[in-house]
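Observations on the model geometry
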Amino acid sequence: MPRIQDTVFVITAGIRDLRRIEDLYEAKNTWHFGPKATAPLETLFLKNQAQRLLVVNKQDFHLVLAYCEFANHPNIPVLSNDLWLHWLNVRFCLDLPITLLNTIFFNFLICKEGQPDILRLIILEVFYNEHKVNYIIVVKPPDCPPGQYDAVQAFGKTYYPKNSKVSEQMHLPSVIVIHRRDVMPFLSFRKALPEDNDDIVEMIDSEDPELRKKHGDFYIAEHLLNMEESDHNDNIIIAEFEEEIADNVKGAGLMWLSESVDIELLAKNFHLERLGNLVRYTTGIKHARVLFDVFSVEQKSYKDLYTETQMEEIYKTHVGEKNPEGPKKAKEVLFSKYKHIYEELRKGTYYMKAFKDQLEIAFDLPAGEHSHSENRLQYLGKASNGFLLKMFQLHPLVRFEYTFYSLSAMFSAFPNHDYCVTMVPGTATTSPCQRELLRFFLPVAHRPNSAVAENMFVAHRSTLFGDLRVQPVERREVDEIRTLISSHSRKRDTLCNEESEANNRLDYYTAEVLNTFEDIIESILENPLTESSCFTIRCGLSKKHLDCPLVGFLILCPFLLYEDLSSMFMLPPEQFPLTHNRGEIVMFKLHPYFQMWCNPIIRTVALYDNYRELYYVNHYNGISLPNDLMYNMMPVEPCRMKKNLFGYKCVSYKRKTSRMSHVSNADSCGSRMRVFCHNLQPTKHLGGKNSLVIVGFSQICLAFLRTAIFAWNSKDLLNFKKYNCLPMVDISVLVPYGIVESAYDCEFLCSYCGEDGRNCYINTGNQNPFVKDVTHRMDVRHWVRFVPGTLKRINRQEKILHLLDGCSLHYEKLLLLAGSKFGFEDTVFNGHPTPLNYVTNNHRLDRIIFYHKLREMVESGESYNVIVYGYGLVVYECINFLVTHGCEAKNITYVQPHVPAELEDVGNPEVDARLDPIILEMVGDLGVTIYLSNNYSQFILSKDNLFIEKVQFVSVPSKKITELNCDLFVNYNSYNMNTGLENVLKEAGIEMIDRKIVVNARYITNDRSIYASGNIVMLPIPNFQYTSTSPQECAEKLAYELNMVKIVMQSRYLRPFAFTGMLPMGYQIIKLIQPKPQLIGQLPIDYSESMTTYENGEFCRIRLNKNMIVIEIVCVTKSPKRLYFLEYFCGKHAMLLNDLHGRFQSGWIKNFLHFFQQPWTELIMHDRFEDLQLKNRRLLLSMLLMNNKDAMNVRNSLESTQRQKLEENVIDFVRTYRKDFVHEFALPEDWGDFNL
């Protein structure tokens, strides 16, 4: 007879399962305990539950066998949720160490009859998922029907109220307590024997079959026999179940342990200071000290990377070191600054420096030894406080949750050691078993000169055996909290130099946090009516809470920004605001050993204040209060498209000068921030299983990272409501030095644009909102490994990337997403280094360096000439940047290359041939010198070949040579790929055409392990579909091909591609184009219809193709409002846009920008509008397929029916989502009932 676990699944229930749960509630052959609601169950998932489990049949997934609910409080309406522990202790005679964290309540179960083992399966599932839960309690109400709780009573012990008689117990409440040890399968551990070889090898083969091929079939038995003959202190331990889990299978897993931990080797190669260097140090006895020469790391503070003060410090340092001989000429000083700024900001040593250091390790000495003994190094190994885990493997049939019990057994095998060390190869992909194991470990940072290739992880005994407790704060605990705040252990890594990361900033930050804490805690303790609350977290077995050591604290307050954040982030619509309380984590500090227990801690503190969700907002600018568990909370994804907010004013609650005050701020919705949420649901790690290495940091790369991290998210937010979703990806990105730091830098302040800098060219970068939010509303550095360096060679046979600094990266799949847009080939410099006054703006780092060079040149007081070369709208944005940042127009020369006279191409959003003459005239009116139809010829370099003195251009068609003096050359020449990467790809044999990578329809190059997107040529040629496409859509298609997203994907491109920028004289421009179909893309502009409006200085142009689809939107205006919302209308049919074409022809549209901001547009911008379109499409298709007998009246009757049905669908859509709209749309019921 098959076991119950072989025939059913136990899964977490979600909103999609509501219909099946209702069917179970209405079924007749069921039994239940707990209060049963009556169908329909619309409010079922609005109630707070810690676990909702569904038992379904494996053969028929739609067949639901049971549904149950667990919570961290009993379902007793008259009892406050946070007082149940007091209620239990007062009413019942319990002799169990029950706490808020180690107990969960089984409040409801409904199950089909004839399934006797399902209840046991459910109880086991809860214990598997909740490692900290030791007790499941079922509250049995008085006078319940006989036999209703008999099934659950068989698994636990029933407790009745104190001083009650047996005859009265039927009419009194009781509690049934199920203890973990009474239900869980019995697991034993023993040393492995040679005869266990076959079972052990079979387990290892499930994840690492190469070991058998390398060492033979009996390598475990041979090793065990060798251990018996030697003094080796290795132990192989196997875990066994008392009962067989399959035919002749009792083994659960194996652990290969060793006491041989080389402290000296590990200390020299890893930062172990925070772990006590893994040695035993006991106060009150003799100690020895040893010194080692090591390398440590000093990381520059993010606050001082690109400020003007920091640039001056760099120059002064170099002047003092290299130029002590005396003053220089102004020109020499200028280029000296160029040299040192340019060299420093692009070097890895500017961001992180390695230096020689001395490491002192103090450890216990054996009795009778002296601290100055010459044998101190021998005693260092004996003082080890850790053991080594060489291998860990679970049987394929065993749940991964048994990792926790196996790790507990390891520490039990070494009762005198506090640390478990394991080494993981950096080139191997971690198995699911390893990923579960490493959840309990802390990563340890390598030293700069580390000779150990493996990654090191360490687990502490307290992580597993620590008994946590959470209580409201008392005044006596304030001093301990101050000490905890002042400590530097803020992260879950062990990098010893975190305190050396800008000591000044850290001291200032700590002082600000302490001041804020003082204000908040005083308000909480003095004002009993305050809405804020503080809780302390302690670990220990003492009965008195204050006798246990403090390991963390948490401050909460009501969350009042939900409505505002809903306009910027993907959050569920507001429901039941009076009962659905949301809290905000103001401050959260917790020792790294206990951070993995985030779920039970957060559930407990939310219980006290009756919160349903907890949020944390981390601002990039200013001071954000610490939250050590920020990345144990679910990141909230920014909206994928920007809507028109129709003048909505955000109200933000900001902490001002360490005080929480209510401030109205219209621009708070546009601030740079990250938002995290914990919905008190079970945590689930979601993400792609592929191990990827990416080369480049283009817009497509950023969009791909966002797509991969939020692959679990969807418009309906099903996973968001069901789990506390934590992204899990295995992605490494190879980038040049400084690119990532500059992209996330928020301390740089443009002296001309001020603190706002909203429209400053340095901060905008022409990115569309989906890409921009990767650095403004997210921080992907936590989930993605960024490796700074330069690619030297690709070894396709061994799948290794070799870098110039000697490092190497192993890859399984390689993605080529480099994105250099502007520049020349390196051959123009004749083998010399890039000149100091040569500028290309491909990344934010380039623009920051450009700003500093320009500022130095303007402030030098010398005459200068800035040459801007290139063609397109981005050139005019650069000229606007120059004239608004101190550069006089007379000192700017714009050289436009020859543009062939041909029909305009509508497929490039960065070029507009119709607007170009107008903008060119505006530039001329500013006083800028303009040369047209002059192509670059050559640079004339200085004698030392360090900078450009003059530039030669050749006019077309006269071929006249023009030579211009040059102090700064800004190049916007279109450029596909830098020469260095091109040479690497050629050497590796990657096929290319015209400096573009050749791929097939699945973005695979001629190497099946290497993918590319962006700068590609897709076979067959010619293919005009992919000339200008949205980075977001490119990323989604690439993620789809890598099986990282589960969405319906078409081969053609549909999403508009946008260019945004600032033009001279205070204008902003946005241009959106629809990707061109393969054949129609060859047609000139004359095959489309153009409509333009001009009113009060606002110019708009709309292009329609022959099918009346909007293929282009251009808007030039002085309005400060962002126009990203126009993306919703590009690619739509003119009739869908309120008869756009007909109204324009009738003269009813005077300004397209105003037209697209009318109330009706809010319907199209709604997240569920595509669902309405799909519903209408299905309706029309079904009606067209119907057989109408009256052929003469088919057309009239069909159109009449269609119109009525479509109107009904639109009205239902507005009715369903009426609360989501800013404008109030009228519905038929507003005037009474009548037939449509």
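Calculation notes
- Residues numbered from 1 in each chain as written.
- Predicted model: local features only at pLDDT ≥ 70, side-chain atom pairs only at ≥ 80, totals over all residues.
- Heavy atoms only, no water.
- Helix = DSSP H or I, 4+ residues; strand = E, 2+ residues; numbered from the N terminus.
- Buried < 20%, exposed > 50% of the residue type's maximum accessible area, 1.4 Å probe, protein only.
- Contact = heavy atoms within 4.5 Å.
- Disulfide = S-S within 2.5 Å.
- Pairing = 2+ DSSP bridges.
- Axes fitted to C-alpha atoms, helices over the stretch in contact; angles between N-to-C directions.
- Core = buried A, V, L, I, M, F, W, Y, C linked by side-chain atoms within 4.5 Å.
- 1 Å grid on protein atoms, 1.4 Å probe; cavity = no way out; pocket = protein on both sides within 12 Å on 5 of 7 lines; lining within 4 Å.
- Points joined across faces, edges and corners; volume = space filled by probe spheres on them.
- Nonpolar A, V, L, I, M, F, W, Y, C, P; charged D, E, K, R; others polar.
- Phe/Tyr/Trp six-rings, centres within 6.5 Å; stacked < 30°, edge-to-face > 60°.
- Lys NZ or Arg CZ within 6 Å of the ring centre and 35° of its normal.

Naming follows an unreviewed UniProt entry, where the chain appears as Cilia- and flagella-associated protein 61 N-terminal domain-containing protein of Drosophila gunungcola.

With that settled, consider the side chain of Ser-624. Within the secondary structure, Ser-624 sits in the loop between strand 22 (613–619) and strand 23 (634–635). Taking the relative accessible area as the measure of exposure, Ser-624 reaches 11% and is therefore buried. In this structure Ser-624 touches Tyr-509, Tyr-616, Asn-618 and His-619, once residues within four positions along its chain are discounted.

Turning our attention to the state of the cysteines. Tallied over the full model, the rule gives 0 disulfides. Counting only cysteine sulfurs, Cys-68 is the nearest neighbor of Cys-111, a cysteine outside any disulfide, at a range of 9.4 Å. Assessed through its relative accessible area of 2%, Cys-111 is described here as buried.

Once that is clear, we can look at the sheet that holds strand 28 (residues 691–695). Read from one edge to the other, the open sheet built from 5 strands follows the order 31-30-28-35-46, with strand pairing classed as parallel. Of all strands in the sheet, those with a lone pairing partner are strand 31 (785–788) and strand 46 (1010–1012), marking the two edges. Adjacent strand axes in the sheet meet at a mean angle of 25°, parallel and antiparallel pairs treated alike. Looking at chain direction, strand 30 (residues 730–735) and strand 31 are connected through 4 bridges and run parallel. Following the sheet pairing, Leu-734 is matched in strand 31 by Val-787. In the packing of helix 21 (residues 699–709) onto the sheet, contacts are made with strand 28, strand 30, strand 31 and strand 35 (813–816), and the angle to strand 30 comes to roughly 165°.

The next subject is the sheet that holds strand 19 (residues 533–539). Judged by pairing direction, the sheet is mixed, and its 7 strands sit side by side in the order 18-19-20-21-22-26-23 without closing on themselves. Of all strands in the sheet, those bounded by a partner on one side alone are strand 18 (468–472) and strand 23. Contacts between helix 17 (residues 478–486) and the sheet are confined to strand 19, strand 20 (550–558) and strand 21 (582–590), with strand 20 contributing the most and set at about 95° to the helix.

Among the structural elements, Ser-1028 can be located in the loop between strand 47 (1016–1018) and helix 30 (1031–1041). Looking at Ser-1028, the relative accessible area reads 10%, which means it is buried. The residues contacting Ser-1028, other than those within four sequence positions of it, are Gly-907, Asn-908, Pro-909, Phe-1057, Ile-1073 and Pro-1075.

Let's shift gears to the nonpolar core. Leu-345, Leu-565, Phe-704, Ile-731, Val-784 and Val-868 are the most contacted members of the largest nonpolar core, which totals 147 residues. With residues near it in sequence (within four places) discarded, Ile-731 still touches Leu-692, Ile-694, Phe-704, Leu-705, Ala-708, Val-784, Arg-785 and Met-1044. Leu-109, Tyr-128, Leu-365 and Val-421 belong to the second-largest nonpolar core, a separate cluster that totals 139 residues.

Moving on, we get to empty space enclosed by the protein. Scanning all chains against the criterion turns up 8 cavities of 30 Å³ or more. As a volume, the largest cavity reaches approximately 110 Å³. If you go around the largest cavity, you meet 13 residues; those closest to its centre are Thr-1060, Gly-1061, Gln-1068, Arg-1122 and Tyr-1124. Looking at the lining of the largest cavity, the elements that each hand over two or more residues are strand 48 (1057–1063) and strand 49 (1067–1073). In terms of residue class, the lining of the largest cavity is made up of 5 nonpolar, 5 polar and 3 charged. Of the volumes computed, that of the second largest cavity is approximately 70 Å³. What lines the second largest cavity is Pro-635, Val-636, Arg-674, Val-675, Phe-676, Phe-710, Arg-777, Met-778, Asp-779 and Trp-783. Counting residues per element, the lining of the second largest cavity draws most heavily on strand 26 (residues 673–678), at 3 residues. The class makeup of the residues in the lining of the second largest cavity is 7 nonpolar, no polar and 3 charged.

Looking now at the packing of aromatic side chains. Scanning the entire structure with this criterion turns up 57 aromatic pairs. Three or more aromatic residues joined by ring pairs make a cluster, and in this case those are Phe-824, Phe-829, Tyr-838, Tyr-869, Tyr-936, Phe-939, Phe-953 and Phe-969. Above the ring of Phe-440, the side-chain terminus of Arg-439 is found at 5.4 Å from the ring centroid. Of note, Arg-672 hangs over the ring of Tyr-620, and the distance from its end group to the ring centre comes to 4.8 Å.

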